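# Geometric and topological summary
One letter stands for each residue in the lines below.
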Amino acid sequence: MLEKILEILYQNQNKHILPDEIASTLGINENEVKKAIQTLEDDGYTLEFTPNSGYKLKKSPNLLLPYEIKNNLETDYIGHEIYYFEEVDSTNNVAKKLAEDGAAEGTIVIAETQTRGRGRRGKTWLSPTGGVWMSIILRPNIPPAEAPQLTLMTGVAAAETLKEECGLNVGIKWPNDILIGSKKVCGILTEANAKFSTLDYVVVGIGIDANVDPEIFPSEVRKGATSLKMELNKEIKGPLLVQKFLKRFESTYNSFKEGNFPEILNEWRKLSKTIGSDVEVRKQLGKVVKGEAIGITQNGALILELEDGSLRKVISGECLHVKK
Ligand code: BTN
């Protein structure tokens, strides 16, 4: 109901609209309209009201509220079920619990801030307000070994969204960091759960530093981070960015399910800033592999040409681009 009322208010943004007009359009009574308006005001919307002409929307709070995201969302199933939190430990944690309890494919969990956001390789993911911290529950019918492909697929969807919708020159650093220049703006954490060698569910977590001010990060994070607001010099509309991302994500994921991963991987290659670069990959136990990144395998492993000319596949690790 809230999303329908919001839609009417957005459609009439330059004029007032009477509560009984809203009520009759939606087939509800005026009291229900007033209650919904009160909820909107409690959520931070500013409305003007005059008894003669009714309500006029003056200001939206730019929060990732489900009814904002669902209003005119152009997807068939991704984001149709939304769990929203002002604050949560980690959206991936919540999504995993929901998936265990049988949540449908496409369900998303989204938060304004995370108190224990998780990054890859056990790192902390700082998640202040202004960012998009979101997890998507998927149930693809693929062998568990292919789950890492979903990370690459999500990277392509995220990079293309930022490129097309924000006009930014983004690239991907292997395996899944979305960069603007050499600074990270978005990270992806995929967590899969398999039962008896079949995949039960996958949770894809995406963190976008949208309206975050990197100045608030500790210096070691700050020097490698940027945000959309910083790059564009203006605040971006969070719910709109989420809608655009979900739409692109759904079409890329549908294509993935139809067996088009090789084509998606080609898109990844085009967006990659790693292929063709000299890299250092830091693996566990302090091991470092150095070489030129020359390609990526179907399973997402990076192919390095080492100094002695031999080839080496690296499955996981932290990749640094080093200057030639
Ligand atoms: C990385 O680059 O290290 C991955 C970062 C992933 C962060 C997102 S934010 C939403 C979801 N919830 C989490 O705790 N992590 C992911």
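## A closer look at the overall build of the protein chain
For the protein chain, the helix and strand inventory stands at 10 helices and 14 strands. The C-alpha atoms of the protein chain give 22 Å as radius of gyration, which agrees with the globular expectation for 324 residues (20 Å, within 12%). Each of the three principal axes of the protein chain carries a C-alpha extent, and together these read 80 × 45 × 30 Å. In the protein chain, which comprises 324 residues, the proportion classed as buried is 48%.

## Describing the side chain of N176
Turning to its location among the elements, N176 is positioned in the loop between β6 (170–173) and β7 (177–180). A distance of 2.7 Å separates a polar side-chain atom of N176 from the backbone oxygen of I188. Dropping the residues within four chain positions of it, N176 is found in contact with R120, T151, C186, G187 and I188.

## Quick notes on the site of the ligand
What surrounds the ligand is a group of 20 residues, the closest being S90, Q114, R118, R120 and K184. A distance of 2.8 Å is found between an oxygen atom of the ligand and a side-chain nitrogen or oxygen belonging to S90. Between K184 and the ligand, the recorded distance is 2.6 Å, taken from a side-chain N or O atom to an oxygen atom. Protein contacts shield 98% of the accessible area of the ligand, which totals 410 Å² for the unbound molecule. Taken together, the elements giving at least two residues each to the shell around the ligand come down to α5 (91–100), β5 (132–138), β8 (183–195) and β9 (198–208). Broken down by element, the shell around the ligand gets its largest block of residues, 4 residues, from β8.

## A word on the nonpolar core
Counting 61 residues, the largest nonpolar core has L228 and L246 as its most contacted members. Examining the composition of this core, we find that 9 residues originate from one element, helix α6 (residues 148–166), more than from any other. Each of domain 2 (66–271) and domain 3 (278–321) gives at least three residues to this core. Not counting the four nearest positions on each side in its chain, L228 is found in contact with L162, C166, L168, I180, V185, I208, D209, A210, N233, I236 and L241. By size, the runner-up hydrophobic cluster in this structure holds 18 residues, among which are L6, I22, A23 and Y67.

## Concerning the sheet that holds strand β12 (residues 302–305)
In spatial order, the strands read β13-β12-β11-β10-β14; together these 5 strands make up an open sheet with antiparallel pairing. Each edge of the open sheet carries a strand with a single partner, namely β13 (311–314) and β14 (318–322). If you compare each strand with its neighbour and ignore which way they point, the axes differ by 45° on average. Where strand β10 (residues 278–282) meets β14, 5 bridges bridge the pair, whose relative direction is antiparallel. The residue of β14 that forms the bridge with V279 is H321.

## Side note on the domain arrangement of the protein chain
You can read the domains of the protein chain as domain 1 (2–59), domain 2 (66–271) and domain 3 (278–321). The straight-line distance from the C-alpha centre of domain 2 to that of domain 3 is 24 Å. A combined buried area of about 1300 Å² lies between domain 2 and domain 3, and 53% of that area is made up of carbon and sulfur atoms. Three residues, R121, K173 and W174, lead the burial of domain 2 against domain 3; their summed loss comes to 53% of the area buried on that side. At the junction of domain 2 with domain 3, the criterion picks out 1 salt bridge. A salt bridge links K123 to E318; the shortest N-O distance between them is 3.1 Å. Sorting elements by how many residues they give to the side of domain 2 that touches domain 3 places helix α10 (residues 261–271) first, with 5 residues. Here the residues of the side of domain 2 that touches domain 3 sort into 10 nonpolar, 1 polar and 5 charged.

## Digging into unusual backbone geometry
Here the residue pair W174 and P175 is connected by a cis peptide bond, since its omega of -5° sits within 30 degrees of zero. Following the sequence through the fold, P175 ends up in the loop between β6 and β7. Phi is positive for N72, close to 65°, though the residue is something other than glycine. With respect to the helices and strands, the residue N72 is situated in the loop between α4 (66–70) and β3 (82–88). Even without glycine at this site, L285 takes up a positive phi of about 60°.

## Examining the packing of α6 against α10
At a closest axis distance of 9 Å, the pairing of α6 and α10 adopts a crossing angle of 55°. On the basis of the axis angle, α6 is oblique to α10. Between α6 and α10 the crossing geometry is left-handed. Contact residues: α6 offers Q149, L152, M153, V156, A159, E160 and K163, while α10 offers F261, I264, L265, E267, W268 and L271. Broken down by class, the residue content of the contact of α6 with α10 amounts to 9 nonpolar, 1 polar and 3 charged.

Reading the values: the criteria
- Position labels on residues start from 1 in each chain and follow its written sequence.
- For this predicted model, a pLDDT threshold of at least 70 governs which residues receive local features, and a threshold of 80 or more governs which side-chain atom pairs are given and counted, while totals over whole chains, interfaces and linings are taken from all residues.
- Side-chain measures were taken over the full set of non-hydrogen atoms in the model, leaving aside hydrogen atoms and water.
- Numbering of helices and strands runs from the N terminus, with a helix taken as a DSSP run of H or I at least four residues long and a strand as a DSSP run of E at least two residues long.
- A radius of gyration in this sense is built from C-alpha atoms; the matching globule rule multiplies 2.2 Å by the number of residues raised to 0.38.
- Relative accessibility under 20% of the residue-type maximum defines a buried residue, over 50% an exposed one, and the middle range a partly exposed one, all with a 1.4 Å probe and only protein chains included.
- Contacts described as polar in this section are N or O atom pairs within 3.5 Å, which, within protein, must combine one atom able to donate a hydrogen with one able to accept it, while residues neighboring in sequence count only if both atoms come from side chains.
- Contacts between residues were defined by any pair of non-hydrogen atoms, one from each residue, lying within 4.5 Å.
- Here a residue is considered near a molecule or strand provided that any single heavy atom belonging to it is located within 4 Å of it.
- Here the accessible surface of atoms and residues is derived via Shrake-Rupley with a 1.4 Å probe, and residues count as covered only by protein chains that are part of the display.
- What we call a nonpolar core is a set of buried Ala, Val, Leu, Ile, Met, Phe, Trp, Tyr and Cys residues that are connected through their side-chain atoms within 4.5 Å.
- All the domain ranges listed were derived from an automatic or database domain assignment.
- Paired strands, as defined in this entry, are two strands with at least two bridges between them according to DSSP.
- Angles here are taken between N-to-C directions and fall from 0 to 180 degrees, while the axes themselves are lines fitted to C-alpha atoms, restricted in helices to the stretch in contact.
- By convention, the term buried area covers the 1.4 Å-probe accessible surface removed from two parts as they join, with the contributions of both added.
- We define a salt bridge as a contact between a side-chain nitrogen of Lys or Arg and a carboxyl oxygen of Asp or Glu at a distance within 4 Å.
- Put simply, Ala, Val, Leu, Ile, Met, Phe, Trp, Tyr, Cys and Pro go in the nonpolar bin, Asp, Glu, Lys and Arg in the charged bin, and everything else, Gly too, in the polar bin.
- Roughly parallel means an angle under 35 degrees; roughly antiparallel means over 145; roughly perpendicular covers 65 to 115; every other angle is labelled oblique.
- Handedness of a crossing is defined here by the sense of rotation of the near helix relative to the far one, left-handed for an anticlockwise turn of less than a right angle and right-handed for a clockwise turn.

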